[in-house]
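Notes for the structure review
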Amino acid sequence: MPPARPPAAPPVTRFVVLGDSLSEGVGDRVGERWRGWAALLAEGLRPDGAGVAFTNLSVSGAQSGDVAETQLTEALALRPQLASVVVGVNDTLRRTFDIGQFARRLDRVCAELTEAGTVLLTACLPDPGRMLGLPLPLARPLARRQRAVNAVVHALSTRHGAVHLHLDAPAWTDDRSLWSADRLHPGERGHRAVAGAFHRLLRDRGLAHGTPPSPEPEQPPPTRTDAVLWLATAGTAWVLRRCGDLLPQLLLLAAAEVRHAATGTSARLDARAEHALTRALAATMRE
(Lines give C-alpha, C1' and ligand atoms only; values in the text may rest on other atoms or scores of the structure.)
Protein backbone atom coordinates (compact mmCIF):
# COMPACT_ATOMS: atom_id res chain seq x y z
CA MET A 1 0.00 0.00 0.00
CA PRO A 2 1.24 3.56 -0.70
CA PRO A 3 2.08 5.62 2.39
CA ALA A 4 -0.84 7.51 3.91
CA ARG A 5 -1.05 11.12 2.84
CA PRO A 6 -0.75 13.66 5.66
CA PRO A 7 -4.07 15.13 6.74
CA ALA A 8 -5.05 18.42 5.20
CA ALA A 9 -3.94 21.38 7.28
CA PRO A 10 -4.63 25.10 7.01
CA PRO A 11 -1.88 26.83 5.03
CA VAL A 12 0.72 28.59 7.17
CA THR A 13 0.42 32.33 6.69
CA ARG A 14 2.19 33.58 9.87
CA PHE A 15 5.61 32.26 10.92
CA VAL A 16 7.48 33.75 13.90
CA VAL A 17 11.00 32.90 15.01
CA LEU A 18 12.21 33.08 18.62
CA GLY A 19 15.75 32.41 19.80
CA ASP A 20 19.36 33.49 19.53
CA SER A 21 22.03 33.93 16.85
CA LEU A 22 21.46 30.54 15.24
CA SER A 23 17.88 31.52 14.36
CA GLU A 24 18.88 35.11 13.63
CA GLY A 25 20.86 33.63 10.75
CA VAL A 26 24.45 34.25 11.84
CA GLY A 27 26.77 32.46 9.43
CA ASP A 28 24.58 33.02 6.37
CA ARG A 29 25.19 36.57 5.21
CA VAL A 30 23.40 38.03 2.20
CA GLY A 31 24.58 41.53 1.44
CA GLU A 32 24.60 43.50 4.68
CA ARG A 33 22.24 41.25 6.64
CA TRP A 34 21.92 37.76 8.02
CA ARG A 35 19.42 35.49 6.26
CA GLY A 36 19.51 32.05 7.89
CA TRP A 37 17.53 28.83 7.90
CA ALA A 38 14.24 30.34 9.08
CA ALA A 39 14.00 32.78 6.17
CA LEU A 40 14.87 29.98 3.75
CA LEU A 41 12.20 27.77 5.30
CA ALA A 42 9.57 30.52 5.13
CA GLU A 43 10.00 30.68 1.35
CA GLY A 44 9.05 27.01 1.05
CA LEU A 45 5.93 26.96 3.21
CA ARG A 46 3.55 28.00 0.41
CA PRO A 47 3.38 26.73 -3.18
CA ASP A 48 4.09 30.17 -4.65
CA GLY A 49 6.98 30.85 -2.26
CA ALA A 50 5.14 33.90 -0.92
CA GLY A 51 2.13 34.80 1.17
CA VAL A 52 3.76 34.07 4.53
CA ALA A 53 4.11 36.87 7.07
CA PHE A 54 7.59 36.10 8.43
CA THR A 55 8.88 37.78 11.59
CA ASN A 56 12.27 36.97 13.10
CA LEU A 57 12.47 38.07 16.75
CA SER A 58 15.74 36.24 17.42
CA VAL A 59 18.66 38.23 18.82
CA SER A 60 22.30 37.25 19.00
CA GLY A 61 23.26 36.38 22.58
CA ALA A 62 19.68 35.75 23.71
CA GLN A 63 19.11 33.37 26.61
CA SER A 64 15.96 31.56 27.71
CA GLY A 65 15.06 34.52 29.91
CA ASP A 66 15.08 36.88 26.93
CA VAL A 67 12.83 34.51 24.99
CA ALA A 68 10.39 34.05 27.89
CA GLU A 69 10.25 37.66 29.05
CA THR A 70 10.49 39.64 25.80
CA GLN A 71 10.22 37.61 22.61
CA LEU A 72 7.24 35.54 23.75
CA THR A 73 5.02 38.59 24.30
CA GLU A 74 5.85 39.93 20.85
CA ALA A 75 5.29 36.53 19.26
CA LEU A 76 1.87 35.98 20.84
CA ALA A 77 0.73 39.39 19.64
CA LEU A 78 1.43 38.25 16.06
CA ARG A 79 -0.80 35.14 16.45
CA PRO A 80 1.51 32.81 14.52
CA GLN A 81 0.39 29.47 13.16
CA LEU A 82 4.02 28.32 13.21
CA ALA A 83 6.78 29.39 15.62
CA SER A 84 10.31 28.17 16.15
CA VAL A 85 11.84 28.19 19.64
CA VAL A 86 15.55 27.33 19.53
CA VAL A 87 17.56 28.52 22.53
CA GLY A 88 19.89 27.25 25.24
CA VAL A 89 23.55 27.45 24.24
CA ASN A 90 23.97 30.95 25.66
CA ASP A 91 22.45 29.78 28.94
CA THR A 92 25.17 27.14 29.25
CA LEU A 93 27.86 29.80 28.79
CA ARG A 94 26.82 31.83 31.82
CA ARG A 95 27.89 31.63 35.44
CA THR A 96 24.21 31.77 36.41
CA PHE A 97 23.30 28.57 34.52
CA ASP A 98 20.40 26.80 36.25
CA ILE A 99 18.79 23.86 34.46
CA GLY A 100 15.65 24.16 36.59
CA GLN A 101 15.16 27.79 35.62
CA PHE A 102 15.81 26.97 31.97
CA ALA A 103 13.21 24.19 32.04
CA ARG A 104 10.55 26.42 33.63
CA ARG A 105 11.14 29.21 31.13
CA LEU A 106 11.07 26.95 28.09
CA ASP A 107 7.98 25.13 29.32
CA ARG A 108 6.17 28.44 29.74
CA VAL A 109 7.12 29.58 26.22
CA CYS A 110 6.04 26.30 24.65
CA ALA A 111 2.83 26.09 26.67
CA GLU A 112 1.65 29.61 25.89
CA LEU A 113 2.35 29.25 22.19
CA THR A 114 0.67 25.85 21.85
CA GLU A 115 -2.31 27.02 23.90
CA ALA A 116 -2.68 29.80 21.32
CA GLY A 117 -2.88 27.16 18.58
CA THR A 118 0.70 27.52 17.33
CA VAL A 119 2.72 24.60 15.92
CA LEU A 120 6.22 24.62 17.41
CA LEU A 121 9.60 23.98 15.82
CA THR A 122 12.39 23.02 18.23
CA ALA A 123 15.94 21.69 18.01
CA CYS A 124 18.55 20.25 20.33
CA LEU A 125 21.99 21.77 19.77
CA PRO A 126 25.63 20.71 19.62
CA ASP A 127 27.94 20.98 22.62
CA PRO A 128 29.89 24.26 22.23
CA GLY A 129 32.99 22.93 24.00
CA ARG A 130 33.26 20.04 21.53
CA MET A 131 32.60 22.27 18.53
CA LEU A 132 35.34 24.67 19.65
CA GLY A 133 37.74 21.84 20.43
CA LEU A 134 38.34 22.91 24.04
CA PRO A 135 40.59 20.79 26.28
CA LEU A 136 38.64 18.01 28.00
CA PRO A 137 38.67 19.51 31.52
CA LEU A 138 37.07 22.67 30.10
CA ALA A 139 34.84 20.89 27.60
CA ARG A 140 33.27 18.34 29.95
CA PRO A 141 31.40 20.83 32.20
CA LEU A 142 29.95 22.54 29.11
CA ALA A 143 29.05 19.17 27.60
CA ARG A 144 27.24 18.19 30.78
CA ARG A 145 25.24 21.42 30.68
CA GLN A 146 24.36 21.07 27.00
CA ARG A 147 23.23 17.46 27.52
CA ALA A 148 20.90 18.67 30.26
CA VAL A 149 19.53 21.46 28.05
CA ASN A 150 18.95 19.02 25.19
CA ALA A 151 17.21 16.57 27.51
CA VAL A 152 14.83 19.33 28.60
CA VAL A 153 14.21 20.34 24.99
CA HIS A 154 13.50 16.71 24.04
CA ALA A 155 11.05 16.23 26.90
CA LEU A 156 9.18 19.50 26.34
CA SER A 157 9.10 18.99 22.57
CA THR A 158 7.35 15.66 23.11
CA ARG A 159 5.00 17.11 25.71
CA HIS A 160 3.93 20.01 23.49
CA GLY A 161 3.86 18.11 20.20
CA ALA A 162 6.67 20.11 18.60
CA VAL A 163 8.35 19.40 15.28
CA HIS A 164 11.82 18.55 16.56
CA LEU A 165 15.21 18.44 14.83
CA HIS A 166 18.25 16.66 16.30
CA LEU A 167 21.04 19.11 15.49
CA ASP A 168 23.32 17.44 18.04
CA ALA A 169 23.49 14.23 15.97
CA PRO A 170 26.86 13.25 14.44
CA ALA A 171 25.48 13.71 10.93
CA TRP A 172 25.36 17.44 11.73
CA THR A 173 28.28 17.97 14.09
CA ASP A 174 30.86 15.85 12.21
CA ASP A 175 30.30 17.50 8.84
CA ARG A 176 32.47 20.60 9.01
CA SER A 177 31.19 21.78 5.61
CA LEU A 178 27.93 22.68 7.35
CA TRP A 179 29.56 25.07 9.83
CA SER A 180 30.91 28.59 9.53
CA ALA A 181 34.44 29.69 10.41
CA ASP A 182 33.44 30.25 14.05
CA ARG A 183 32.53 26.52 14.41
CA LEU A 184 29.42 27.44 16.43
CA HIS A 185 27.00 28.70 13.77
CA PRO A 186 26.00 26.98 10.55
CA GLY A 187 27.45 28.40 7.35
CA GLU A 188 25.24 28.92 4.33
CA ARG A 189 25.30 25.19 3.54
CA GLY A 190 24.35 24.41 7.14
CA HIS A 191 21.50 26.90 7.25
CA ARG A 192 20.18 25.44 4.00
CA ALA A 193 20.44 21.94 5.47
CA VAL A 194 18.54 22.97 8.62
CA ALA A 195 15.83 24.64 6.53
CA GLY A 196 15.56 21.55 4.33
CA ALA A 197 15.30 19.20 7.31
CA PHE A 198 12.54 21.27 8.93
CA HIS A 199 10.76 21.48 5.56
CA ARG A 200 10.68 17.68 5.30
CA LEU A 201 9.31 17.34 8.83
CA LEU A 202 6.64 19.97 8.19
CA ARG A 203 5.72 18.40 4.85
CA ASP A 204 5.14 15.10 6.66
CA ARG A 205 2.64 16.95 8.87
CA GLY A 206 0.94 18.57 5.89
CA LEU A 207 2.23 22.03 6.81
CA ALA A 208 4.80 22.72 4.08
CA HIS A 209 3.43 22.89 0.54
CA GLY A 210 6.09 24.83 -1.33
CA THR A 211 9.43 23.94 -2.87
CA PRO A 212 12.11 23.00 -0.33
CA PRO A 213 15.18 25.26 -0.24
CA SER A 214 18.07 24.24 -2.44
CA PRO A 215 20.84 22.50 -0.48
CA GLU A 216 23.54 24.08 -2.66
CA PRO A 217 25.17 27.26 -1.31
CA GLU A 218 25.66 30.38 -3.39
CA GLN A 219 28.84 31.37 -1.53
CA PRO A 220 32.06 29.31 -1.12
CA PRO A 221 32.45 27.54 2.24
CA PRO A 222 34.94 28.93 4.80
CA THR A 223 38.48 27.60 4.63
CA ARG A 224 40.70 26.45 7.49
CA THR A 225 42.49 29.78 7.18
CA ASP A 226 39.16 31.57 7.71
CA ALA A 227 38.60 29.54 10.88
CA VAL A 228 42.06 30.32 12.24
CA LEU A 229 41.68 34.02 11.49
CA TRP A 230 38.26 34.10 13.16
CA LEU A 231 39.55 32.42 16.31
CA ALA A 232 42.54 34.77 16.45
CA THR A 233 40.50 37.95 15.98
CA ALA A 234 36.73 38.06 16.24
CA GLY A 235 36.65 34.76 18.10
CA THR A 236 38.51 36.16 21.09
CA ALA A 237 36.03 39.03 21.37
CA TRP A 238 33.12 36.59 20.99
CA VAL A 239 34.38 34.40 23.84
CA LEU A 240 34.79 37.42 26.11
CA ARG A 241 31.30 38.71 25.30
CA ARG A 242 29.51 35.38 25.59
CA CYS A 243 31.21 33.73 28.54
CA GLY A 244 33.40 36.29 30.26
CA ASP A 245 31.44 35.91 33.49
CA LEU A 246 31.74 32.11 33.22
CA LEU A 247 35.52 31.84 32.83
CA PRO A 248 36.46 31.98 36.55
CA GLN A 249 33.78 29.41 37.38
CA LEU A 250 34.72 27.29 34.37
CA LEU A 251 38.31 27.10 35.63
CA LEU A 252 37.00 25.87 38.99
CA LEU A 253 34.79 23.33 37.21
CA ALA A 254 37.78 22.20 35.16
CA ALA A 255 39.84 21.77 38.32
CA ALA A 256 37.07 19.61 39.77
CA GLU A 257 37.05 17.52 36.58
CA VAL A 258 40.79 16.91 36.89
CA ARG A 259 40.51 16.06 40.59
CA HIS A 260 37.65 13.61 40.12
CA ALA A 261 39.36 12.01 37.11
CA ALA A 262 42.49 11.47 39.19
CA THR A 263 40.53 9.75 41.96
CA GLY A 264 38.24 7.78 39.64
CA THR A 265 35.10 9.53 40.90
CA SER A 266 34.02 11.37 37.73
CA ALA A 267 30.70 9.49 37.83
CA ARG A 268 29.72 11.62 40.83
CA LEU A 269 29.70 14.75 38.67
CA ASP A 270 27.46 13.05 36.13
CA ALA A 271 25.15 11.83 38.90
CA ARG A 272 24.78 15.36 40.30
CA ALA A 273 23.90 16.71 36.88
CA GLU A 274 21.40 13.89 36.33
CA HIS A 275 19.76 14.58 39.68
CA ALA A 276 19.42 18.30 38.87
CA LEU A 277 17.91 17.42 35.49
CA THR A 278 15.39 15.04 37.04
CA ARG A 279 14.27 17.72 39.50
CA ALA A 280 14.07 20.30 36.72
CA LEU A 281 11.78 18.15 34.59
CA ALA A 282 9.64 17.14 37.56
CA ALA A 283 9.09 20.81 38.39
CA THR A 284 7.55 21.43 34.96
CA MET A 285 4.96 18.65 35.23
CA ARG A 286 1.33 19.70 35.48
CA GLU A 287 -1.62 17.91 36.95
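Residue numbers restart at each chain and count upward from 1, following the sequence in its written direction. The predicted nature of this model means local features are confined to residues of pLDDT at least 70 and side-chain atom pairs, given and counted, to a pLDDT of 80 or more, with totals for whole chains, interfaces and linings taken over all residues. Hydrogens and water molecules were not included; the side-chain quantities draw on all heavy atoms of the structure.

Ring pairs are drawn from Phe, Tyr and Trp, using the six-membered ring of Trp, whenever the two centres fall within 6.5 Å, and their geometry is named by plane angle: stacked under 30 degrees, edge-to-face over 60, tilted for the rest. With the rule as written, the count across this model stands at two aromatic pairs. Relative to Phe54, the ring of Phe15 has its centre 5.6 Å away and its plane inclined at 45 degrees; by these criteria the two rings are tilted. With Phe15 in strand β1 (residues 14–19) and Phe54 in strand β4 (residues 53–56), the pair connects residues that are 39 residues apart, well separated along the chain. Taking the relative accessible area as the measure of exposure, Phe15 reaches 0% and is therefore buried. Where helices and strands are cited, they refer to DSSP runs of H or I of at least four residues and of E of at least two residues respectively, numbered from the N terminus. Burial classification: accessible surface area is computed with a 1.4 Å probe over protein chains only, and a residue below 20% of its type maximum counts as buried, one above 50% as exposed, and the rest as partly exposed.

A few words on the environment of Val30. For Val30, the position within the fold is in strand β2 (residues 29–30). By relative accessible area, which is 31% here, Val30 ends up partly exposed. Placed 188 residues apart in sequence, Val30 and Glu218 show a C-alpha to C-alpha distance of 9.7 Å.

The subject of this paragraph is the sheet that holds β4. Here five strands make up an open sheet; going across it, the order is β4-β1-β5-β6-β7 and the pairing parallel. Looking at strand neighbours, the two that pair on one side only are β4 and β7 (163–166), the edges of this open sheet. Within this sheet the neighbouring strands show an average axis-to-axis angle of 15 degrees, counted without direction. Note: two strands are recorded as paired if DSSP finds a minimum of 2 bridges between them. As defined by bridge partners, strand β5 (residues 82–86) adjoins strand β6 (residues 119–124) across three bridges and the pair is classed as parallel. Following the sheet pairing, Ala83 is matched in β6 by Leu120. Here a residue-residue contact requires only that any non-hydrogen atoms of the pair lie within 4.5 Å. Lines are fitted to the C-alpha atoms to define the axes, a helix being fitted only along its stretch in contact, and any angle between axes, read from their N-to-C directions, falls within 0 to 180 degrees. Seen against the sheet, helix α3 (residues 64–77) touches β1 and β5 and runs at an angle of roughly 170 degrees to β1.

Here the focus is the packing of helix α5 (residues 99–115) against helix α7 (residues 136–159). It is the contact of α5 with α7, at a shortest axis distance of 10 Å, that shows an interaxial angle of 25 degrees. In terms of axis orientation, α5 runs roughly parallel to α7. In this structure, α5 crosses over α7, and the sense of that crossing is right-handed. Across the interface between the two elements, Ile99, Phe102, Ala103, Leu106 and Asp107 of α5 pack against Ala148, Val149, Val152, Val153, Leu156 and Arg159 of α7. In what follows, roughly perpendicular refers to angles from 65 to 115 degrees, roughly parallel to angles under 35, roughly antiparallel to angles over 145, and oblique to any angle outside these ranges. Take the far helix as the reference: if the near one is turned anticlockwise from it by less than a right angle, the crossing is left-handed, and if turned clockwise, right-handed.

Put simply, a salt bridge is a Lys or Arg side-chain nitrogen that is within 4 Å of an Asp or Glu carboxyl oxygen. Enumeration according to the criterion identifies 11 salt bridges in this entry. With a closest N to O distance of 3.2 Å, Arg108 and Glu112 form a salt bridge. Taken together, the positions of Arg108 and Glu112, both in helix α5 and four residues apart, correspond to about one turn of that helix. A single salt-bridge network, built from bridges that share partners, covers Asp28, Arg35, Glu188, Arg192 and Glu218.

Here the focus is the packing of α7 against helix α13 (residues 266–283). Packing of α7 against α13 leaves a shortest axis separation of 10 Å and a crossing angle of 30 degrees. With respect to α13, the element α7 is oriented roughly parallel. Crossing of α7 against α13: the hand is right-handed. Contacts between α7 and α13 pair Arg144, Arg147, Ala148, Ala151, Val152, Ala155 and Arg159 from the former with Leu269, Asp270, Ala273, Leu277 and Leu281 from the latter.

A 1.4 Å probe that fits but cannot get out identifies a cavity on a 1 Å grid over protein atoms alone, an open set with protein on both sides within 12 Å along at least five of seven lines counts as a pocket, and a residue lines either if it has an atom within 4 Å of a point. Grid points are joined across faces, edges and corners, and a volume is the space filled by probe spheres set on the points. Taken as a whole and assessed by the stated rule, the structure comprises two cavities of 30 Å³ or more. Quantified by volume, the largest cavity comes out at close to 190 Å³. Lining the largest cavity are 14 residues, with Ser21, Leu22, Val89, Leu184 and His185 sitting closest to its centre. Residue polarity is assigned by list, with Asp, Glu, Lys and Arg as charged and Ala, Val, Leu, Ile, Met, Phe, Trp, Tyr, Cys and Pro as nonpolar; anything else, Gly included, falls into the polar class. In terms of residue class, the lining of the largest cavity is made up of nine nonpolar, three polar and two charged. Together, Leu167, Trp172, Leu178, Trp179, Pro186, Gly190 and Val194 line the second largest cavity. Among the residues forming the lining of the second largest cavity, the class breakdown is six nonpolar, one polar and no charged.

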